[in-house]
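The residues making up each chain are set out below.
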Amino acid sequence: MAYELKQVGEVQYELGRELRPGMHVPARVFADEKLISQIQRDHSLEQLVNVTSLPGITRAALGMPDMHEGYGFPVGGVAGTLAPDGAISPGGIGFDINCGVRLLVSELRYPEAESVVPTLVHELSRSIPTGYGRHGRISLSSADLDRVLSEGCAYLVREHGLGLEEDLERIESRGSLSGADPSRVSDRAKQRGEDQLGTLGGGNHFLELQRVDAVYDEEAARAMRLGLGQVTVLIHTGSRGLGHQVCTDYVREMDKALARYHFSLPDRQLACAPLSSPEGKDYFAAMCAAANFAWSNRQVLTHRIRETFRRQLGPGPASELRVVYDVAHNIAKLEQFGKHTLCVHRKGATRAFGPSSTEIPAAYRGIGQPIFIPGSMGTSSFVLAGTDASKELSLSSTCHGAGRALSRTAAKKQVVGHELRKQLESQGIIVRCPSNAELAEEAPLAYKDVERVVDVVSRAGIAKKVARLVPRGVLKG
Amino acid sequence: MNARQQPPSARHWFEEHTGEVELHLAAPTLKQLFVEAGLGLADLLSDQRRPPDGAPESVEVEAADRDALLVDWMNELIFRTEMRQKVYDEIRINSLSDRRLHADIRGASPDGWRTAVKAATFHRLEIAREGAGYTGRVVLDV
């Protein structure tokens with residue numbers, strides 16, 4: 001269905017409540033003309049309109065410029081429901097709970113790094129399990145797993161030495177949501193997760209070695225310890241099978257409970273329950289536990305990467321990787337907006353707290369929360385900072401990536417994997433991905449133009465550009 | 001029986017979806033439709049499969065209704081695939097009602113994986129009677 005969007009700002013479009021019965025709020029999209037035309041090619045606008053029917057939704061259902069078709073929510077969708085009785089929808093967070101990105105920075109710099117990066121990529125490919133069904137080197141007892149689920153990164157750092165105390169300060173929510181309750185996570189979910197800590201997974205998950213290529217905001221870059229030529233490592237992964245099973249379990253539970261709450265929804269995948277209901281509370285506690293697992297997964301990967309750097313470079317500043325920040329992009333958080341507490345669902349969207357937030361690390365107050373926007377394979381990624389204006393404009397949220405423009409099948413029709421591999425290598429990018437088909441699925445032409453996406457969030461005032469990172473080595477599942 | 005009433009042969013195919021995978025099914029009977037859903041999943045998971053080995057695994061699934069049963073059946077296969085590292089492509093549905101399924105399945109560890117499948121979803125989920133057979137659609141999160 002073609003929608004007639006009303007332009008309500010320089011880079012904001014809206015579909016009003018009059019469009020369809022059952023819409024509680026408008027649907028609003030941050031995009032420019034080109035991105036809007038790309039967004040209109042799939043079902044993402046219809047999905048965003050469906051989100052406006054969520055019980056308790058307030059303000060607007062928001063689409064970020066990287067929005068594309070998902071299931072239930074579009075990817076790049078944000079919705080806030082009024083606590084305590086508004087809905088929480090597992091489909092509004094997704095199966096990969098707390099899929100997110102963490103950026104590490106080294107004192108290693110180009111051009112000196114040129115000669116060691118190939119070895120680092122090779123050694124990382126040996127020490128980081130990637131792809132479907134690959135298991136990590138940590139096998140957790142049931143008691144250990146429960147502590148990871150309830151305490152997150154702090155448990156791994158303080159009791160297993162997997163990282164530094166200072167890492168915790170630079171992770172969203174310090175890598176631990178206090179609402180987590182492992183007893184709300186099913187045995188099945190725990191079985192799926194018990195040997196997956198420290199694994200990257202498949203699909204669009206990756207690990208990338210990068211060079212800081214441009215700095216747009218000196219002050220913010222300095223606060224993030226980013227300078228031209230420095231080597232950074234971007235980790236993109238989530239809660240693996242554990243999170244997938246938590247979502248599966250609770251979509252099923254909430255689907256069964258819909259009639260009890262007299263909820264009528266345009267899409268069954270939006271199955272939800274009041275946050276204050278037993279189903280809502282249980283899901284929130286399980287989701288927090290899965291989010292803790294995902295942050296812990298990125299913490300173990302950080303530890304492995306540090307080990308590899310130390311092994312290859314020896315002790316010294318070059319091998320001492322520091323965490324810049326770690327942000328979730330599939331999560332629901334309780335956040336304060338004036339006198340209201342909202343349950344903000346972010347599905348393929350990033351929190352973007354501004355400089356005046358007291359919830360971000362002290363080092364970033366006055367700067368804004370760091371946000372990382374990975375490009376597609378072979379293209380630049382961006383470091384942004386959140387703005388205070390994002391609170392009113394976008395429920396303190398911004399985009400999470402370039403956003404797919406083509407299906408995987410369409411990408412494979414247009415790109416030959418081994419040719420893409422050669423092309424990336426000719427640009428000096430080392431690629432470690434066992435499957436040419438998977439490589440083709442993630443080809444740059446399958447994605448929107450990340451620079452355009454970042455330009456839109458900057459023009460909208462919901463994040464500001466800090467630095468650009470270019471890929472030098474990619475590890476993919 | 002005229003051509004329009006001919007039951008469709010059991011088959012599955014994938015259609016375009018920007019972010020995920022949309023699996024389409026057609027079969028002369030509901031049982032075969034559920035088998036086809038399993039075979040579609042197997043094709044997505046791996047194109048380097050081995051012949052099934054080991055004893056059959058008995059699978060029982062219960063759900064709120066027939067559509068939910070298809071989702072739960074696929075999620076059961078996804079769970080077993082991840083836990084046992086097997087792709088199941090020998091599937092026998094022993095009994096099937098609107099809310100309950102009993103099957104025997106066999107599979108093997110493949111030589112390589114293709115697409116990691118996280119879950120089956122309710123989004124645009126459909127089982128429909130069409131002519132003398134059935135069609136179905138499931139969106140899979142990959």
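The shown structure was predicted, so the numbers you read here are calculated from the model rather than taken from an experiment.

1. Some thoughts on the overall build of chain B
Reasoning step 1: Regarding its fold elements, chain B presents two helices and eight strands.
Reasoning step 2: Relative to its length of 142 residues, chain B is compact, with a C-alpha radius of gyration of 15 Å against a globular reference of 14 Å.
Reasoning step 3: Taken along its principal axes, the extent of the C-alpha atoms in chain B is 45 × 35 × 30 Å.
Reasoning step 4: Residues counted as buried form 56% of the 142 residues belonging to chain B.
Reasoning step 5: The contacts of chain B with a sequence gap of at least 6 include a subset with a gap of at least 24, amounting to 64%.
Reasoning step 6: Working note: accessible area of chain B is about 5900 Å², and carbon and sulfur atoms make up 43% of it.

2. Observations regarding the overall build of chain A
Reasoning step 1: Per the secondary structure count, chain A includes 15 helices and 19 strands.
Reasoning step 2: For chain A, the C-alpha radius of gyration of 21 Å lies close to 23 Å, the compact-globule estimate for 477 residues.
Reasoning step 3: With the C-alpha coordinates aligned to their principal axes, the bounding extent of chain A is approximately 60 × 50 × 45 Å.
Reasoning step 4: Evaluated residue by residue, chain A yields a buried proportion of 65% over its 477 residues.
Reasoning step 5: In chain A, the proportion of contacts linking residues at least 24 apart, taken out of those at least 6 apart, comes to 76%.
Reasoning step 6: For chain A, the exposed surface amounts to about 15900 Å²; the carbon and sulfur share of it is 48%.

3. Remarks on empty space enclosed by the protein
Reasoning step 1: Evaluated as defined, the whole model comprises three cavities of 30 Å³ or more.
Reasoning step 2: Its volume calculated, the largest cavity comes out at about 710 Å³.
Reasoning step 3: Around the largest cavity, the lining is made up of 45 residues, and of these C99, N204, H205 and H236 of chain A together with K118 of chain B lie nearest the centre.
Reasoning step 4: Going through the elements one at a time, β4 (57-71), β8 (206-215), α9 (240-257) and β19 (463-476) of chain A are the ones with two or more residues in the lining of the largest cavity.
Reasoning step 5: Of the residues belonging to the lining of the largest cavity, the class tally is 14 nonpolar, 19 polar and twelve charged.

4. Structural notes on the sheet that holds strand β4 (residues 87-96) of chain B
Residues and elements named next belong to chain B.
Reasoning step 1: Spatially, β3-β5-β4 is the arrangement adopted by the three strands of the open sheet, whose pairing is antiparallel. Looking at the sheet topology across the chains shown, the edges are occupied by β3 (53-62) and β4. Across the sheet, the mean angle separating the axes of adjacent strands is 25° when strand polarity is ignored.
Reasoning step 2: Examined bridge by bridge, β4 and strand β5 (residues 100-108) share eight bridges and lie antiparallel to one another. When the sheet's bridge partners are listed, V87 is paired in β5 with A108.

5. Observations regarding the pattern of salt bridges
Residue and element names in this part refer to chain A.
Reasoning step 1: Going through the model one piece at a time under the given rule, you end up with 46 salt bridges over all chains.
Reasoning step 2: Residue R260 pairs with E279 through a salt bridge whose shortest N-O separation is 2.3 Å. On the criterion of sequence distance, the pair formed by R260 in the loop between α9 and β10 (273-274) and E279 in helix α10 (residues 278-313) is long-range, its members being 19 residues apart.
Reasoning step 3: In this structure R260 comes out as exposed when scored by relative accessible area, which is 53%.

6. Details of the layout of surface pockets
Residue and element names in this part refer to chain A.
Reasoning step 1: Taken as a whole, the largest pocket encloses approximately 290 Å³ of empty space.
Reasoning step 2: Looking at the largest pocket, it is lined by 23 residues, and the ones nearest its centre are T130, G131, Y132, P434 and G477.
Reasoning step 3: Residue composition of the lining of the largest pocket, grouped by class: eight nonpolar, nine polar and six charged.

7. Some words on the interface of chain A and chain B
Reasoning step 1: At the junction of the two partners, chain A supplies 39 residues and chain B supplies 35 residues.
Reasoning step 2: For the pair chain A and chain B, the summed buried area comes to about 3200 Å², and 51% of that belongs to carbon and sulfur atoms.
Reasoning step 3: The three residues of chain A that bury the most area against chain B are Y132, R192 and R268 of chain A, which together make up 25% of that side's buried surface.
Reasoning step 4: Counting every contact that joins chain A to chain B gives four salt bridges.

8. Some details on the pairing of strand β7 (residues 100-109) of chain A
Residues and elements named next belong to chain A.
Reasoning step 1: In terms of burial, β7 is largely enclosed, as eight of its ten residues are buried.
Reasoning step 2: Summarising the sheet, β7 and strand β9 (residues 230-237) pair through seven bridges and their orientation is antiparallel. Counted as the bridge partner of R109 is Q230 from β9.
Reasoning step 3: Direction of pairing for β7 relative to strand β11 (residues 322-328): antiparallel, over a ladder of six bridges. If you follow G100 over to β11, its bridge partner there is A328.

What counts as what
Residues numbered from 1 in each chain as written. Chains lettered and ligands numbered in written order. Predicted model: local features only at pLDDT ≥ 70, side-chain atom pairs only at ≥ 80, totals over all residues. Heavy atoms only, no water. Helix = DSSP H or I, 4+ residues; strand = E, 2+ residues; numbered from the N terminus. Rg over C-alpha atoms; globule rule 2.2 N^0.38 Å. Buried < 20%, exposed > 50% of the residue type's maximum accessible area, 1.4 Å probe, protein only. Contact = heavy atoms within 4.5 Å. Areas by Shrake-Rupley, 256 points an atom, 1.4 Å probe, with all protein chains shown as cover. 1 Å grid on protein atoms, 1.4 Å probe; cavity = no way out; pocket = protein on both sides within 12 Å on 5 of 7 lines; lining within 4 Å. Points joined across faces, edges and corners; volume = space filled by probe spheres on them. Nonpolar A, V, L, I, M, F, W, Y, C, P; charged D, E, K, R; others polar. Pairing = 2+ DSSP bridges. Axes fitted to C-alpha atoms, helices over the stretch in contact; angles between N-to-C directions. Salt bridge = Lys/Arg side-chain N within 4 Å of Asp/Glu carboxyl O. Buried area = accessible area lost by both parts, 1.4 Å probe.

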